Amino acid sequence: MSSSPTRNTLAPEIMSSDDARYLMPAYVKLLVADAERSASFYGLLGFARVHQDPVFVHLRWARYADVFLVATPPGVALAGPRGLGVIVCFSAAGDLGIETIAARAAAAGAAVDGPRDQPWHTREVLVTDPDGYRLCFVEPGPLVPV
């Protein structure tokens, strides 16, 4: 499967060989109402599609930074907002900066908060995806002399 030209340059080339497969030490699964709509949104932000089937879409931001978008089973309704109290964070220290990510998300109609400098020496932007999950993209901020 080819990757979008807008994908994050931190994400590895997606290959059909075993070189692209590895045991993931951690990953997140997000239940989504429309997997294709969500995957397209994540693609705009810079995620690469690794695999998809009728049940899920496997996305990669960078090596060991994988997300699975899982279709909500038919007839199942989730009560309340998705991801309440959880923020999924990704390093944006590559060629695709947080200003670009923020602009792409806003152009797609997503809620965007930032970018803003944080007191812990990072610059961050918070993006809400089509299902209400909050994604934080982080890059190093200015260092303050001590």
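Check the entry above for the structure.
First things first, this report covers the structure right here in the doc.

Parameters at a glance
Residues numbered from 1 in each chain as written. Predicted model: local features only at pLDDT ≥ 70, side-chain atom pairs only at ≥ 80, totals over all residues. Heavy atoms only, no water. Axes fitted to C-alpha atoms, helices over the stretch in contact; angles between N-to-C directions. Helix = DSSP H or I, 4+ residues; strand = E, 2+ residues; numbered from the N terminus. Contact = heavy atoms within 4.5 Å. Nonpolar A, V, L, I, M, F, W, Y, C, P; charged D, E, K, R; others polar. Buried < 20%, exposed > 50% of the residue type's maximum accessible area, 1.4 Å probe, protein only. Pairing = 2+ DSSP bridges. Disulfide = S-S within 2.5 Å.

## So, the packing of helix H1 (residues 35–45) against helix H2 (residues 98–107)
Now for step 1: Between H1 and H2, the shortest axis-to-axis distance is 8 Å and the interhelical angle comes to 145°. Contacts from Phe41, Leu44 and Leu45 of H1 reach H2 at Ile101, Arg104 and Ala105.
Now for step 2: Grouping the constituent residues of the contact of H1 with H2 by class yields five nonpolar, no polar and one charged.

## Focus: the pairing of strand S3 (residues 56–62)
Now for step 1: A large share of S3 lies buried, amounting to six of its seven residues.
Now for step 2: Alignment of S3 against strand S4 (residues 65–71), held across six bridges, turns out to be antiparallel. Counterpart to Arg60 in the pairing with S4 is Asp66.
Now for step 3: Counting the residues between successive antiparallel strands, the hairpin from S3 to S4 contains two residues, one of them, Tyr64, with a positive phi of roughly 70°.

## Observations regarding the state of the cysteines
Now for step 1: Summed over the entire model, instances satisfying the criterion amount to zero disulfides.
Now for step 2: Free of any disulfide, Cys89 has its nearest cysteine sulfur in Cys136, 4.2 Å distant.
Now for step 3: The exposure class of Cys89 is partly exposed, given its relative accessible area of 49%.
Now for step 4: Residue classification places Cys136 among the buried residues on the basis of a relative accessible area of 5%.

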